[in-house]
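Residues per chain, in single letters:
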Amino acid sequence: MRSDLAGLEPYSSPQRPARYRMNTNESPYEPSPAFRSELAGAISAVELNRYPDKDAHDLCEELSLHTAWPQEGISVANGSNEVLLHLCLAYAGTNRTVLTFEPTYSLHSLIPRMTGAEVVQLARDDIFEVDLDAAVTATRDLRPEIVMVCSPNNPTGVLEPLPSIEALLEEAPGIVIVDEAYSEFADPGDSARGLLEEHPNLVVTKTFSKAWQLAGARIGYALGHPALMEGLALVRLPYHLSALSQVTALVALRHADESMRLAAAVAEERDRIAIELQAMGVKTIPSHANFVLFEVDDPPGVWTRLLERDVLIRIYTGTPGLEHAVRVTAGRPHETEVFLAAMREILDE
Ligand SMILES: Cc1ncc(COP(=O)(O)O)c(C=O)c1O
């Protein structure tokens, strides 16, 4: 094995059987019957004996309409994790540096390391925002090839203000990736999409896994300057995105209104969870995503007692900055009620 991989921990998220799975930020809603029957028709028309379109032309064309960004500036892959891998294969790698802001999504440091890059992890401030002065100084001093921003950030839900992203774009000698896996749960005006025209070093990544009820289908994409996307074509495997995934995303885009309505419903549950936890005296971090990070004295105890009540949430054993934090994914109204009732009982014990 490569010596630089020694000591790395593979991605892990504790899984247990539970009726209320509020731990991995998927949509609690399945695709509608209308979606399913349209998908069944689309799949039965796929020529499975043939390789898929390796450039996913039709999908990129529809994504171009959906995002109002040119097709040549779009690259699709098996989930936004693979999009991030492509970006790091093309722009990180050996003898290169990637800057992250912790705590954040653990793959933001793991994926660059998979490609042999060095990762410099700056700590966020005490309200989990990027410390802009420290970030700009580090960008100036370290000259990282990639600056990795997550907005809204996982696991905190904190949104990165656009002026901060612009400051990083001005300073960065390489590219700035803004991971917007959760942007559909935030105000559209807060998306970095609107900065793409002015900033050729910006890449915005998106996924169908969170707001689109399609975590199982594994589809994500990057928006960036066409010249940057050419680099990704060099590192993508031929025919990497199956014909089934491509048609699934195409059908999903035709049902975008329904997905966005459900995302808004989930965002309401997120706000209800935060308000009710605060009423119980629990400190919550203001979230713009589909989850709420909150603080408790004994995270393993709360996690276990929730599991005893059939509710699975996310815990961060050993993650610096998250010693007292747990994260709950917002779901259906009924799941909110079960979770809140369980929390009331646990806090009363
Ligand atoms: C911030 C962030 N980016 C990317 C991903 C990966 O999503 P995908 O399912 O698109 O690979 C996740 C999943 O949890 C995430 O939280």
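Residues numbered from 1 in each chain as written. Predicted model: local features only at pLDDT ≥ 70, side-chain atom pairs only at ≥ 80, totals over all residues. Heavy atoms only, no water.

### With respect to the overall build of the protein chain
Right, on to step 1. Scanning the protein chain from terminus to terminus reveals 11 helices and 13 strands.
Right, on to step 2. Taking 20 Å as the expected radius of gyration for a compact globule of 349 residues, we find that the protein chain reaches 20 Å, a close match to that expectation.
Right, on to step 3. Oriented by its inertia axes, the alpha-carbon framework of the protein chain measures out at about 60 × 55 × 45 Å.
Right, on to step 4. Counting across all 349 residues of the protein chain, residues that qualify as buried make up 55%.
Right, on to step 5. At a minimum sequence separation of 6, the contacts of the protein chain that also span at least 24 residues come to 76%.
Right, on to step 6. Within the structure as shown, the protein chain displays about 15,600 Å² of accessible surface, and the carbon and sulfur contribution to it stands at 52%. (Helix = DSSP H or I, 4+ residues; strand = E, 2+ residues; numbered from the N terminus. Rg over C-alpha atoms; globule rule 2.2 N^0.38 Å. Buried < 20%, exposed > 50% of the residue type's maximum accessible area, 1.4 Å probe, protein only. Contact = heavy atoms within 4.5 Å. Areas by Shrake-Rupley, 256 points an atom, 1.4 Å probe, with all protein chains shown as cover.)

### Here's the deal with the packing of helix 1 (residues 33-44) against helix 8 (residues 243-254)
Right, on to step 1. With their axes 10 Å apart at the nearest point, helix 1 and helix 8 run at an angle of 140° to one another. Handedness of the crossing formed by helix 1 with helix 8: right-handed. Across the interface between the two elements, Phe35, Glu38, Leu39, Ala42 and Ile43 from helix 1 touch Leu244, Val247, Thr248, Val251, Ala252 and Arg254 from helix 8.
Right, on to step 2. Here the contact of helix 1 with helix 8 is composed, by residue class, of eight nonpolar, one polar and two charged. (Axes fitted to C-alpha atoms, helices over the stretch in contact; angles between N-to-C directions. Left-handed = near helix turned anticlockwise from the far one by under 90°. Nonpolar A, V, L, I, M, F, W, Y, C, P; charged D, E, K, R; others polar.)

### Thoughts on the domain arrangement of the protein chain
The figure often quoted for interface size is the accessible area lost as the parts come together.
Right, on to step 1. When its domains are assigned, the protein chain resolves into domain 1 (14-29 + 257-348) and domain 2 (33-254).
Right, on to step 2. Spacing between the C-alpha centres of domain 1 and domain 2 amounts to 25 Å.
Right, on to step 3. Counting residues at the interface gives 26 residues for domain 1, matched by 20 residues for domain 2.
Right, on to step 4. Regarding the contact of domain 1 and domain 2, the summed buried area is about 1,800 Å², with carbon and sulfur atoms giving 62% of it.
Right, on to step 5. Contact with domain 2 buries area across many residues of domain 1, yet Ser259, Met260 and His288 alone supply 26% of it, more than any other trio.
Right, on to step 6. The interface formed by domain 1 and domain 2 holds zero salt bridges in total. (Domains from an automatic or database assignment. Buried area = accessible area lost by both parts, 1.4 Å probe. Salt bridge = Lys/Arg side-chain N within 4 Å of Asp/Glu carboxyl O.)

### What about helix 9 (residues 256-279)?
Right, on to step 1. When the terminal C-alpha atoms of helix 9 are compared, their 35 Å separation across 24 residues agrees well with the 34 Å that a helix rising 1.5 Å per residue should span.
Right, on to step 2. At the C-terminal side of helix 9, glycine 281 shows a positive phi close to 85°. (Expected span 1.5 Å × (residues − 1).)

### Re the pattern of salt bridges
Right, on to step 1. A complete count under the given rule lists 17 salt bridges for this structure.
Right, on to step 2. Between arginine 36 and glutamate 30 there is a salt bridge, with its nearest N and O atoms 3.4 Å apart.
Right, on to step 3. On the accessibility criterion, arginine 36 (44% relative accessible area) is partly exposed.
Right, on to step 4. The residue glutamate 345 makes a salt bridge to arginine 309 at a minimum N-O spacing of 2.7 Å. Pair noted here: glutamate 345 is in helix 11 (residues 333-348) and arginine 309 is in the loop between helix 10 (299-308) and strand 11 (311-312), with a separation of 36 residues, a long-range link.
Right, on to step 5. Here arginine 309 falls in the partly exposed class, since its relative accessible area comes to 23%.
Right, on to step 6. Shared partners join several salt bridges into a network, and the residues in it are Asp298, Arg305, Arg309, Glu345 and Glu349.

### Regarding the sheet that holds strand 4 (residues 118-123)
Right, on to step 1. In space, the seven strands of this open sheet follow the order 2-8-7-6-5-3-4, with mixed pairing throughout. Looking along the sheet, the strands with just one partner apiece sit at the ends: strand 2 (74-77) and strand 4. Along the sheet, successive strands turn relative to each other by an average axial angle of 20°, direction set aside.
Right, on to step 2. The pairing of strand 3 (residues 97-102) with strand 4 spans six bridges and is parallel. Residue pairing across strands places phenylalanine 101 opposite leucine 122, the latter belonging to strand 4.
Right, on to step 3. Strands in contact with helix 4 (residues 107-114) are strand 3, strand 4, strand 5 (146-150) and strand 6 (175-179); relative to strand 4, the strand with the most contacts, it is inclined by about 165°.
Right, on to step 4. Running at roughly 155° to strand 6, helix 6 (residues 162-171) makes contact with strand 3, strand 5, strand 6 and strand 7 (202-207) of the sheet. (Pairing = 2+ DSSP bridges.)

### Describing the environment of alanine 56
Right, on to step 1. Here alanine 56 shows up in the loop between helix 1 and helix 2 (57-67).
Right, on to step 2. For alanine 56, a relative accessible area of 1% corresponds to the buried category.
Right, on to step 3. In this structure the C-alpha to C-alpha distance between alanine 56 and valine 247, which are 191 residues apart in sequence, comes to 9.6 Å.
Right, on to step 4. Alanine 56 has contacts with Val76 and Gln246, leaving out every residue within four places of it along the chain.

### A look at the nonpolar core
Right, on to step 1. Membership of the largest hydrophobic core comes to 83 residues, with the highest contact counts inside it found for Phe208, Phe294, Ile313 and Phe339.
Right, on to step 2. In terms of domain composition, this core takes at least three residues from each of domain 1 (14-29 + 257-348) and domain 2 (33-254).
Right, on to step 3. Apart from residues lying up to four places away in sequence, isoleucine 313 is in contact with Met22, Asn23, Phe294, Trp303, Leu306, Val326, Arg327, Val328 and Phe339.
Right, on to step 4. Membership of the second largest hydrophobic core comes to 22 residues, among which are Leu87, Ala92, Val98 and Tyr105. (Core = buried A, V, L, I, M, F, W, Y, C linked by side-chain atoms within 4.5 Å.)

### Looking at the sheet that holds strand 12 (residues 314-315)
Right, on to step 1. Taken in spatial order, the four strands line up as 9-10-13-12 in an open sheet, and their pairing is antiparallel. Looking at strand neighbours, the two that pair on one side only are strand 9 (283-284) and strand 12, the edges of this open sheet.
Right, on to step 2. Pairing of strand 9 with strand 10 (residues 291-295), which is carried by two bridges, proceeds in the antiparallel orientation. Note that in strand 10 the partner of lysine 283 across the bridge is glutamate 295.
Right, on to step 3. Sheet strands touched by helix 9: strand 9, strand 10 and strand 13 (325-329). Its angle to strand 10, the strand with the most contacts, is close to 15°.

### A few points about a nonpolar patch on the surface
Right, on to step 1. There is a patch of nonpolar side chains on the surface, built from Ile43, Leu48 and Leu244 and spanning about 250 Å² of accessible area.
Right, on to step 2. On the accessibility criterion, leucine 244 (35% relative accessible area) is partly exposed. (Patch = residues over 30% accessible without salt bridge, like charges linked within 9 Å, V, L, I, M, F, W, Y side chains within 5 Å.)

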